[in-house]
Amino acid sequence: MDFSGKGKLRYISGYVLAKLKYTLSKEIRNSLYVKGKETDLARYQFEMDIFNSLTCSYDELNMSTTEGDTLLETKRKQNERESLTNVSDVTFNFFQKLEIVCREKFTHGRLVDTGKYLFSSVKEEVLGNYDLFETWIKCVVSSRNQPTEDQNEDISNILSTMVMACENYIEIFQSVVTLFLKVNLSQFRRDYLTFLKKEKGVALRKKVMQKSLKATKSFNMKFFSEDNSTNKEVSFLRLKSELMQSEKFFNDNSFTKKELISLGQYFKIKANAQQKKDGIIHVLVKGILETQHVNTPEESHMDTKQAGPSGILQISTVSTESDPGPSVQSDPGPSVPSEPVRKKE
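Residues numbered from 1 in each chain as written. Predicted model: local features only at pLDDT ≥ 70, side-chain atom pairs only at ≥ 80, totals over all residues. Heavy atoms only, no water.

**Student:** Is there a simple way to think about the overall build of the protein in this case?
**Tutor:** Looking only at helices and strands, one finds 14 helices and 6 strands in the protein. The proportion of buried residues among the 345 residues of the protein is 32%. Carbon and sulfur atoms provide 53% of the accessible area of the protein, an area that totals close to 23,500 Å². (Helix = DSSP H or I, 4+ residues; strand = E, 2+ residues; numbered from the N terminus. Buried < 20%, exposed > 50% of the residue type's maximum accessible area, 1.4 Å probe, protein only. Areas by Shrake-Rupley, 256 points an atom, 1.4 Å probe, with all protein chains shown as cover.)

Given below as structure tokens:
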């Protein structure tokens, strides 16, 4: 984790302790001068001492910390009174370990498995983590100034103090872990909703694209025959657009050889009728892409000739005044001399 991430983690750690200290301070105020609350008040005060030992001022921390860059996030968000809580390095090490444990628990797979019980299942496992609890005990013990024991003090009082301290350590550990898990769960929820929003956006765009493709009328011979534009200019431009996107358009849309030859005749593209389908497609694609526009009937018309056995469709431009449409002429072939009439004897 870089210093920016550690800075945010340190800021969240301070927030967790400050939130618990605020709740505890209200309990102390409500217990003051209340009869029968003396024991609770002593316990609350002991817990407050533990919280105070886990925090320190910015000036003290700035002089003693080994990770000064992690203080920048809290300093940036600090107000004029500098009321944000700063945690000591020992406490910060505990929260780093806690964050690693939480990160391993809050996953998409676990969310699918546990559903609405995600938080309770993660909380149970984290609170039962012995290594994490051991780190917490070391953190608290090293942060607090242990009072010197009076040799004349009754052993029962010493044991009672130790038991109360252990109870407070466990209770504060549970409170810290629970609140930190809530913060982690909130961040996990935001990240997951952001992920879902992106996924839904991608799925929606894909659905709209598929719908638009279905709404667009595909080019086929029916489209070509129903085209009423001048000299079928719309069909030509549409076909050229499809071929510019993919030169395998004819192969992908299962045009027959007869249909390909018909398109070649109409768009004045020479093609060998005896060639295989792939050869005709190659000639047709090249011709359509190189043609800029379809000649109008007033400019020229097609004259298709079939040259004997070669089967080459030859298209020539013939000027005409009376008949603007295409004329098809066939080669009459070689002339055969007529047999002379034999005179009847």
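**Student:** What should I look at first to understand the pattern of salt bridges in this one?
**Tutor:** Opposite charge on two side chains permits them to pair, given that their charged atoms come into close proximity. Throughout the structure, instances matching the rule amount to 8 salt bridges. Glu-171 serves as the salt-bridge partner of Arg-43, at 3.4 Å between the closest nitrogen and oxygen. Taken as a pair, Arg-43 in helix H2 (residues 38–54) and Glu-171 in helix H9 (residues 155–215) lie far apart in primary sequence, 128 residues in all. Exposure remark for Arg-43: the relative accessible area of 22% places this residue in the partly exposed category. Owing to a relative accessible area of 33%, Glu-171 belongs among the partly exposed residues under this scheme. Of the charged contacts in the structure, one is a salt bridge between Lys-138 and Glu-134, with a shortest N-O distance of 3.9 Å. Within this pair, Lys-138 and its partner Glu-134 are both found in helix H8 (residues 130–143), separated by 4 residues, close to a single helical turn. A cluster of three or more residues bridged by salt bridges with shared partners is formed by Asp-40, Arg-43, Glu-47 and Glu-171. (Salt bridge = Lys/Arg side-chain N within 4 Å of Asp/Glu carboxyl O.)

**Student:** Could you clarify how one ought to interpret the environment of Phe-250 in this entry?
**Tutor:** Position of Phe-250 relative to the elements: it lies in helix H12 (residues 249–252). Along the sequence, Phe-250 and Asp-278 sit 28 residues apart, while their C-alpha atoms lie 9.4 Å from each other.

**Student:** Honestly, the environment of Asp-49 in this entry has me stumped. Any pointers?
**Tutor:** Tracing the chain through its elements places Asp-49 in helix H2. Exposure remark for Asp-49: the relative accessible area of 34% places this residue in the partly exposed category.

**Student:** So what exactly am I meant to see when it comes to helix H7 (residues 118–127) here?
**Tutor:** In an α-helix, one turn spans 3.6 residues; hence positions three or four apart end up facing the same way. Leu-118, Phe-119, Ser-121, Val-122 and Val-126 are the residues of H7 that are buried. End-on view of H7: buried residues confined to an arc of 165 degrees, all on one side of the axis. (Arc of directions from axis to C-beta.)

**Student:** Quick question: what am I supposed to make of a nonpolar patch on the surface here?
**Tutor:** A cluster of nonpolar side chains, namely Ile-155, Leu-159 and Met-162, defines an oily patch on the protein surface of about 300 Å² accessible area. For Met-162, the position within the fold is in helix H9. Residue Met-162 is classed as partly exposed on the basis of its relative accessible area, which comes to 47%. (Patch = residues over 30% accessible without salt bridge, like charges linked within 9 Å, V, L, I, M, F, W, Y side chains within 5 Å.)

**Student:** Where do I start with the side chain of Ser-13 in this structure?
**Tutor:** Relative to the helices and strands, Ser-13 resides in helix H1 (residues 3–31). Here Ser-13 falls in the buried class, since its relative accessible area comes to 0%. Apart from the residues lying within four places of it in its own chain, the contact partners of Ser-13 are Val-87 and Phe-95. (Contact = heavy atoms within 4.5 Å.)

**Student:** Would you explain the side chain of Lys-240 in this entry?
**Tutor:** Within the secondary structure, Lys-240 sits in helix H11 (residues 233–245). According to the relative accessible area criterion, Lys-240 is buried, its value standing at 14%. Among residues more than four places away in sequence, those in contact with Lys-240 are Ile-288, Leu-289, Thr-291 and Gln-292.

**Student:** What's the story with the nonpolar core in this structure? I'm lost.
**Tutor:** Nonpolar side chains tend toward joint burial in soluble globular proteins. Of all hydrophobic cores here, the largest spans 38 residues; its most connected members are Phe-94, Phe-95, Leu-98, Val-126, Trp-136, Val-176 and Leu-181. Secondary-structure elements contributing two or more residues to this core are H1, H2, helix H5 (89–105), H7, H8 and H9. Every residue in contact with Val-176, bar those within four places of it in the chain, is listed here: Val-16, Leu-17, Leu-20, Phe-51, Phe-94, Phe-95 and Trp-136. Counting 21 residues, the second largest nonpolar core, distinct from the first, contains Phe-219, Phe-250, Ile-281 and Val-285. (Core = buried A, V, L, I, M, F, W, Y, C linked by side-chain atoms within 4.5 Å.)

**Student:** What should I look at first to understand the packing of H11 against helix H14 (residues 277–290) in this one?
**Tutor:** For any two helices packed against each other, the geometry comes down to the angle between their axes and how far apart the axes lie. For the pair H11 and H14, interaxial distance at closest approach is 10 Å and the crossing angle is 110 degrees. It follows that H11 is roughly perpendicular to H14 by the angle criterion. Of the two possible hands of crossing, H11 and H14 adopt the one that is left-handed. Across the interface between the two elements, Phe-236, Leu-239, Lys-240, Leu-243 and Met-244 from H11 touch Val-285, Ile-288 and Leu-289 from H14. For the contact of H11 with H14, the per-class residue count stands at 7 nonpolar, no polar and 1 charged. (Axes fitted to C-alpha atoms, helices over the stretch in contact; angles between N-to-C directions. Parallel < 35°, antiparallel > 145°, perpendicular 65-115°, else oblique. Left-handed = near helix turned anticlockwise from the far one by under 90°. Nonpolar A, V, L, I, M, F, W, Y, C, P; charged D, E, K, R; others polar.)

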